[in-house]
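One-letter residues, chain by chain:
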Amino acid sequence: MNVAVIGSGGREHALCFKLSMSKKITKLFCIPGNAGTSQISTNLDVDYMNFELLYSALIANDISIVIVGPEVPLVAGIADYLNSKNIFTFGPSKKASQLEGSKAFMKKVCKDFGIPTAQYEEFDNLESAKKYINQSQHPLVIKSDGLAAGKGVTISLSKSESIQCAKEILDGKFKTSKKVVIEEFLEGEEASYFIITDGENYLPIGTAQDHKRIGEGDTGPNTGGMGAYSPSLLINKELQNKINKQIIEPTLKGLNKKGCKFVGILYAGLMIKNNQPKLIEYNIRFGDPECQVLMMRLDVDLLNLILSIKEKKLMSQKISWKKEPGITIVAAAKGYPGTYNTNSEIKNLQKIQTNNTRQIFHAGTINKNGKVLSAGGRVLNATCIGPDLAKARAEAHEMLKILEWDDLYYRKDIGWRVIN
Ligand code: AMP
Ligand code: GLY
């Protein structure tokens, strides 16, 4: 069968890498893909947000299974559209995607179904937001309601900063947002927990810890993610059980009650304190760059898992992982998440040896006249598994040192909380 992955980042390269090992696939496509995916799949240069155009390209290439990487097309309803056209599309419906598409929706689900999360209020006008801010303890967390590519959250230390942030969001800084969500600041350590689900049954598909800040020691502005490792060392059996019972299961049941069954990958961003989980946020897809390490460690056929959902037999599947931990380090263009150059040449990629324990996943790259050029803020992901995280990280650094690329920036301390 022919299969397509939607997206063009490191997550999608890692999905293609994993799927390319599946014997059931005749031909693998990535839409639109990047310079890395073009080596292991066929890139189709189609605007996937134009669903009709996308559908024509899928039919023309006899593609019967679609796996959606990013949240934006899911929130826009890509799964509803393609599934209604009888192309099996792995990912949640438009309505269920509101779990990530609207923080207000996600918080309401938590409230309605008793899921532990930060206290919050939502506002659509500055006057009432101000009033609330003025009577709240700080730090306070100010969030845009809608999608903001990981940049819509500020942990604010003062009333004036909180008011400024709320004003910017309500003034339309993030076009997707007309509301601001103001939350209690949660203390603890973060962990990411991923499940694959048909809406009723689910299997855990991995845990990870990412580093969202641009600077070493987790400082500076938030980014889409500068690196990650897996497994998360915080999540033990007892805690996993609590996460399943207190967070995952009430969410799946609750969404069923609301008439929007969630099918796909659900990513719970958690705050852990005293072995108790609280939900910070839901994402409706694999994390990027967490997916890169998850795919490196997953020891079963990803397509089989996805087909088992199509065939309604997810619980006949078993998931296993390689025992080695994994790490991924994002090579970004200097200046990211602010302004940065694109179209700068990346040399020596072909000199880096890769295999099933070490990969360079491409995130923002394009091929031009036989050269690989940067095409985004997050550009490459050096991803390794190894006997321990320190060794895996050292190997990822070795790979990046081979590169000749003027704009290269990466954090050398990914995993610092557990490596030191
Ligand atoms: P989000 O996009 O909601 O995941 O937020 C991005 C990051 O902001 C999270 O990974 C946390 O580090 C931080 N964050 C978000 N909400 C809270 C909260 N209520 N308390 C503490 N930190 C938070
Ligand atoms: N790395 C965080 C995310 O994918 O949302």
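Structure: above.
Since the structure is predicted, the reported quantities are computational estimates derived from the model, not experimental observations.

A short note on the nonpolar core
Ile31, Leu58, Leu99, Ile248, Leu279 and Tyr282 are the most contacted members of the largest nonpolar core, which totals 48 residues. Looking at this core element by element, the count peaks at six residues for helix H9 (residues 237–257). Other than its neighbours up to four places away in sequence, leucine 99 contacts Phe105, Met106, Val109, Thr251, Leu255, Phe262, Leu266, Tyr282 and Ile284. In this structure, Val3, Cys16, Ile205 and Leu307 belong to the second largest nonpolar core, which totals 38 residues.

Observations regarding the sheet that holds strand S6 (residues 120–123)
Strand order in the open sheet formed by four strands is S6-S9-S7-S8, and the pairing between neighbours is antiparallel. Pairing within the sheet leaves two strands with one partner each, and these edge strands are S6 and strand S8 (153–156). When strand polarity is set aside, the average angle formed by the axes of neighbouring strands in this sheet is 20°. Looking at chain direction, strand S7 (residues 140–144) and strand S9 (residues 180–184) are connected through five bridges and run antiparallel. Looking at S9, one finds that lysine 143 is bridged to valine 181.

Brief notes about the layout of surface pockets
A volume near 330 Å³ is recorded for the second largest pocket. Every residue lining the second largest pocket is counted, 16 residues in all, and those nearest its centre are Asp198, Lys261, Val263, Ile309 and Lys312. Where the lining of the second largest pocket is concerned, the elements lending two or more residues are helix H4 (78–84), strand S5 (88–90) and helix H11 (302–310). Looking at the lining of the second largest pocket residue by residue, the class counts come to five nonpolar, five polar and six charged.

Topic: empty space enclosed by the protein
Taken as a whole and judged by the stated rule, the model has two cavities of 30 Å³ or more. In this structure, the largest cavity encloses a volume near 80 Å³. As for the largest cavity, its lining consists of 14 residues, and the residues nearest its centre are Val68, Phe90, Ile265, Arg285 and Phe286. If you list the elements that add at least two residues to the lining of the largest cavity, you get helix H1 (10–19), strand S4 (63–68) and strand S15 (264–273). Considering only residue class, the lining of the largest cavity consists of nine nonpolar, three polar and two charged. Taken together, the elements giving at least two residues each to the lining of the second largest cavity come down to helix H5 (98–101), helix H6 (103–113) and strand S16 (276–283). The residue inventory of the lining of the second largest cavity, partitioned by class, reads four nonpolar, two polar and three charged.

Focus: the pairing of strand S19 (residues 365–368)
As defined by bridge partners, S19 adjoins strand S20 (residues 371–374) across four bridges and the pair is classed as antiparallel. Among the inter-strand pairings, asparagine 367 is bridged to a residue of S20, identified as valine 372. Between S19 and S20, which follow one another and run antiparallel, lie two residues, and asparagine 369 among them has a positive phi close to 45°.

Observations regarding the site of ligand 1
Lining the immediate environment of ligand 1, one finds 15 residues, of which Glu183, Glu184, Leu186, Glu190 and Glu281 sit closest. Alone, ligand 1 offers 470 Å² of accessible surface; in the complex the protein occludes 92% of this. For the shell around ligand 1, the secondary structure elements donating two or more residues are S7, S8, S9 and S16. In terms of residue class, the shell around ligand 1 is made up of eight nonpolar, no polar and seven charged.

Focus: unusual backbone geometry
Each neighbour pair has its own omega, and for isoleucine 31 with proline 32 the value is -5°, a cis peptide bond. You can see proline 32 is positioned in strand S2 (residues 27–32). A cis amide bond links tyrosine 336 with the next residue in sequence, proline 337, at an omega value of 5°. Considering the arrangement of structural elements, one finds proline 337 in the loop between strand S17 (326–333) and strand S18 (358–362).

Re the pairing of strand S1 (residues 2–7)
A large share of S1 lies buried, amounting to six of its six residues. Here S1 shows no split at all, with Asn2, Ala4 and Ile6 on one side and Val3, Val5 and Gly7 on the other all buried. Taken together, the five bridges between S1 and S4 define a ladder with parallel strand orientation. Note that in S4 the partner of isoleucine 6 across the bridge is valine 68. As paired strands, S1 and S2 are joined by six bridges and run parallel to one another.

Conventions adopted
Residues numbered from 1 in each chain as written. Chains lettered and ligands numbered in written order. Predicted model: local features only at pLDDT ≥ 70, side-chain atom pairs only at ≥ 80, totals over all residues. Heavy atoms only, no water. Core = buried A, V, L, I, M, F, W, Y, C linked by side-chain atoms within 4.5 Å. Buried < 20%, exposed > 50% of the residue type's maximum accessible area, 1.4 Å probe, protein only. Helix = DSSP H or I, 4+ residues; strand = E, 2+ residues; numbered from the N terminus. Contact = heavy atoms within 4.5 Å. Pairing = 2+ DSSP bridges. Axes fitted to C-alpha atoms, helices over the stretch in contact; angles between N-to-C directions. 1 Å grid on protein atoms, 1.4 Å probe; cavity = no way out; pocket = protein on both sides within 12 Å on 5 of 7 lines; lining within 4 Å. Points joined across faces, edges and corners; volume = space filled by probe spheres on them. Nonpolar A, V, L, I, M, F, W, Y, C, P; charged D, E, K, R; others polar. Near = heavy atom within 4 Å. Areas by Shrake-Rupley, 256 points an atom, 1.4 Å probe, with all protein chains shown as cover.

By themselves, these figures tell us nothing about what the structure is for.
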